[in-house]
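# A closer look at the structure
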Amino acid sequence: MSNNQLQTPENISSAIPAAFAEARHEVQQAAVQPLYGAASPQPELSGTGFTYRHDWGPRRGQWTLRLNWSDVNPRSRVFVSIAEGVGGGTDAGKFVGGARFTLHNVAPRAGGVDIWVNIEWAADLPLYVDYLVINPADAPPPPPPIRTVQVTVQRHSTVALSDAEADRILGDMGTILQSDDSPADVATPVRFVRNGAVQLLPANVPATIQTEADLLALLNAGSGIKIVQAIRWCGGPGGSIIGCAPVGSPTVNLAAVRFTAAQEGLIWVHEYGHNTGLPHRTDDLRAVMYPSIGADHNVVNAAESASFLAGPLAVDAGAPMASSCALAMAIQPPKDVREFVSQHWIAGVPYQAAAQYTEEDARVLLEWLMNEPEKHDEFLPEIVTTLGFIGSEMAVQPLIDFVHSPRANRTVFNAKNAALIHLGDLINKSGSQVALDFLTKVASDQEMAKTLAVPRSAIAAAEAAVAGVDAPKLETLAAELAVSATFGLALAGKAEAEQTLMGLMKNATAFAPVKVAAMEAAALSQKVRSQGQAAYYSSKCEGGQQP
């Protein structure tokens, strides 16, 4: 456009920048400072006022930043300044560096204030924002304060989780509940605030939850949200679990793994819902309590809203875990198996849904697993688990080859453990002796398990060095694989496998965790053998009880 060209409505609209990223946070009430006395002789500035500095975390580019703050309303006068933050927290202050921080718009609203910022730099930079809020004296009173839940957050020493990251996820939890996104969604005024610094879990809690004993150790480690490397037991063994919590708990007490940043809040608030006594529900694919996770899973109905407002539900000892099969047959799987496995089931892939797929569907999944696994890394645990539930013998050798493969990032390693667990389900349906022999070898032979774990050990050490956390030892990773194979033997439902489990309890050369797991696995094997595979998974669905 030349300098003297008139701007018409058409070319003005064409100049509007493309859509940019958006984020929502909760104001940290403890950091808000009141302004005492009249701020100005002007009537609109003679009411109550507050100052607050918020850490929006590392960012670059254009963002709409939505700060939820119950003291702000559409008549509030809000003044904002932004700058690059000094590391070490908001008290360390701001500074002017080489990056240009631009504030475009400030928009107070009912229950918060939104700003549009642009950070011109090639890498993420810490953003601190100062807010000065003055509410006119004649303004209507603010809405009732929302319920604040103080949450202790704990992490395993091998997991990276900073205070700022925990605050971001807790803020997302509140945003999910407070929003009113559809006629079916009930805005629920609950926010979550970190109680103290992120703590380390006790040394007796393993990085990976693989047995009932592991989960009990985790749940008994005080209250709060507990973040571990992986979860492979929640009411029973499973290879694709990302969150676990008792249905009803006197305090906040849940387990989760690190996940995609945009969806971690969904996992935490879903599991918190279980703590309040809520089960899964499947009548709305967008429900917070739907068994799988999704960016649009933010709907809360009236009954669920009441539970979230009431908080954790005191129950008798031995509360059931949230069922991994999610209300039995209520989930109707999509026709295309690729669509089914391309979603994350929070408490694990539901057997009843996955078992409806056929051998032809197994061929489709094997095409992904064998020919283009890198394209589907994110969903490899779901792919191999579903192959186990389908139970076609054609999947045996590809799954064994996958466990032997040198690729070993975190998701691939989780998928290898899932393959070992759910080869047991495949054996239950197909009777494959090859698969049974393989599981027996991995469970009982330390050297083989260590060989399988070597690729992951090297990558995990490098990842830990970058993140500044403890690296898992080779023996620990090998034992994880061996324990997964042990539970695979339990799910096989075969007398031969049960005899192997009995022997593992006394095997002097087996990993110590395998000996402990073998005791639980033997009892599970008896249950699977007596009930049958389908009835075992159905009983988990109907009652959600721990096996």
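Residues numbered from 1 in each chain as written. Predicted model: local features only at pLDDT ≥ 70, side-chain atom pairs only at ≥ 80, totals over all residues. Heavy atoms only, no water.

On to the overall build of the chain. Regarding its fold elements, the chain presents 17 helices and 21 strands. A buried classification covers 54% of the 547 residues belonging to the chain. In the chain, of all internal contacts separated by at least 6 residues, the share reaching a separation of at least 24 is 72%. Total accessible area on the chain is roughly 22500 Å²; 55% of this is exposed by carbon and sulfur atoms. (Helix = DSSP H or I, 4+ residues; strand = E, 2+ residues; numbered from the N terminus. Buried < 20%, exposed > 50% of the residue type's maximum accessible area, 1.4 Å probe, protein only. Contact = heavy atoms within 4.5 Å. Areas by Shrake-Rupley, 256 points an atom, 1.4 Å probe, with all protein chains shown as cover.)

The subject of this paragraph is the nonpolar core. Formed by 125 residues in total, the largest nonpolar core has its most connected members in Phe192, Ile225, Trp268, Phe308, Leu387 and Leu399. For this core, the leading source of residues is helix H14 (residues 474-492), giving 12 residues. Here Leu387 is in contact with Ala362, Leu365, Leu366, Leu369, Ser392, Ala395, Leu399 and Leu426, once residues within four sequence places are set aside. Ranked by size, the runner-up nonpolar core spans 25 residues in total, among them Val32, Leu67, Ile119 and Val133. (Core = buried A, V, L, I, M, F, W, Y, C linked by side-chain atoms within 4.5 Å.)

Under the defined criterion, the tally for this structure stands at one disulfide. A disulfide bridge connects Cys234 with Cys244, and the sulfur atoms are separated by 2.1 Å. Negative torsions about the S-S bond denote left-handed disulfides, and the value of about 85° found for Cys234 with Cys244 makes this one right-handed. Remark: Cys244 occurs in strand E18 (residues 243-244) and Cys234 occurs in the loop between strand E16 (230-233) and strand E17 (237-241); sequence separation between them is 10 residues. (Disulfide = S-S within 2.5 Å.)

Turning to its location among the elements, Glu480 is positioned in helix H14. For Glu480, the contacting residues outside a window of four places in its chain are Thr208, Gln210, Arg232, Phe413 and Asn417.

The next subject is the sheet that holds strand E1 (residues 21-26). The strand order across the open sheet built from four strands is E1-E4-E8-E7, with neighbouring strands paired in mixed fashion. The sheet terminates laterally at E1 and strand E7 (100-109), the two strands that pair on one side only. Adjacent strand axes in the sheet meet at a mean angle of 20° when their direction is disregarded. Sheet topology note: the E7/strand E8 (residues 112-120) ladder contains nine bridges and is antiparallel. Across the sheet, Ala107 pairs through a bridge with Asp114, a residue of E8. This element, helix H2 (residues 163-178), spans E1 and strand E4 (61-68) of the sheet and lies at about 95° to E1. (Pairing = 2+ DSSP bridges. Axes fitted to C-alpha atoms, helices over the stretch in contact; angles between N-to-C directions.)

Under the definition given, this model contains 13 aromatic pairs. On the basis of an interplanar angle of 20° and a centroid distance of 6.1 Å, the ring pair of Tyr272 and Phe308 is categorised as stacked. Taken as a pair, Tyr272 in helix H4 (residues 261-275) and Phe308 in helix H5 (residues 302-310) lie far apart in primary sequence, 36 residues in all. For Tyr272, a relative accessible area of 1% gives the class buried. What makes Phe308 buried here is its relative accessible area of 0%. Seen from their ring centres, Phe340 and Trp345 are 5.5 Å apart, and the 40° between their planes marks the pair as tilted. (Phe/Tyr/Trp six-rings, centres within 6.5 Å; stacked < 30°, edge-to-face > 60°.)

Across the sheet, which stays open at both edges, the five strands sit in the order E13-E11-E15-E19-E18 with mixed pairing between neighbours. With partners counted over all chains shown, the strands left at the sheet margins are strand E13 (199-200) and E18, one partner each. For strand E15 (residues 224-228) and strand E19 (residues 253-257), the ladder comprises five bridges, and the chain directions are parallel. By the bridge assignment for E19, Gly224 is matched with Asn253. Where H4 meets the sheet, its contacts fall on strand E11 (153-155), E15, E18 and E19, and the angle it forms with E19 comes to roughly 155°.

For the rest of this paragraph, the subject is the environment of Ala217. Mapped onto the secondary structure, Ala217 falls in helix H3 (residues 212-219). Between the C-alpha atom of Ala217 and that of Pro206, which follows or precedes it by 11 residues, the distance is 8.5 Å. Among residues more than four places away in sequence, those in contact with Ala217 are Asn204 and Val205.

Turning our eyes to something else, we now look at the pattern of salt bridges. With the rule as written, the count across this model stands at 23 salt bridges. Measuring nitrogen to oxygen at the nearest pair gives 3.0 Å for the salt bridge that ties Arg338 to Asp336. A cluster of three or more residues bridged by salt bridges with shared partners is formed by Glu165, Arg168, Arg258 and Glu264. (Salt bridge = Lys/Arg side-chain N within 4 Å of Asp/Glu carboxyl O.)

On to the pairing of strand E9 (residues 125-135), then. Taken residue by residue, a regular strand's side chains alternate between the two faces of the sheet. Most of E9 sits out of view: nine of its 11 residues are buried. Judged from the 10 bridges that link them, strand E3 (residues 48-59) and E9 form a sheet pairing that is antiparallel. Looking across to E9, one finds that Arg53 is bridged to Asp130.

The next subject is the confidence of the model for the chain. Averaged over every residue, the pLDDT of the chain is 89; the share at 70 or more is 88%. Taken together, the stretch residues 1-17 has pLDDT below 50 and engages in seven contacts with residues farther than four places along the chain or on a different chain. Overall, residues 542-547 carries pLDDT values under 50, and its contacts beyond four positions in sequence, including any with other chains, amount to 20 contacts. (pLDDT = per-residue confidence, 0-100.)

With that settled, consider the packing of H14 against helix H16 (residues 512-531). Between H14 and H16, the least distance of the axes is 7 Å, while the angle of their chain directions is 15°. Taken as axis vectors, H14 and H16 run roughly parallel relative to one another. The element H14 and its partner H16 pack so that their crossing is right-handed. Across the interface between the two elements, Ala479, Ala482, Val483, Thr486, Phe487, Ala490 and Leu491 from H14 touch Pro513, Val514, Ala517, Ala518, Glu520, Ala521, Leu524, Ser525 and Val528 from H16. Residue classes in the contact of H14 with H16 are distributed as 13 nonpolar, two polar and one charged. (Parallel < 35°, antiparallel > 145°, perpendicular 65-115°, else oblique. Left-handed = near helix turned anticlockwise from the far one by under 90°. Nonpolar A, V, L, I, M, F, W, Y, C, P; charged D, E, K, R; others polar.)

Attention now goes to helix H13 (residues 446-467). A maximum bend of about 45° is found in H13 at Ala453, where proline Pro455 lies one to four positions downstream. By the burial criterion, the buried members of H13 are Met448, Ala449, Leu452, Ala453, Arg456, Ser457, Ala460 and Ala464. Residues of H13 that are buried make contact with helix H10 (396-404), helix H11 (410-430), helix H12 (433-444) and H14. You can read the cap of H13 off the contacts: a side-chain oxygen lies 3.0 Å from the backbone nitrogen of Glu447, and it is on Asp445. (Bend = angle between axes of the 7 residues up to and from the residue. Polar contact = N/O pair within 3.5 Å; in protein donor to acceptor, adjacent residues only side chain to side chain.)

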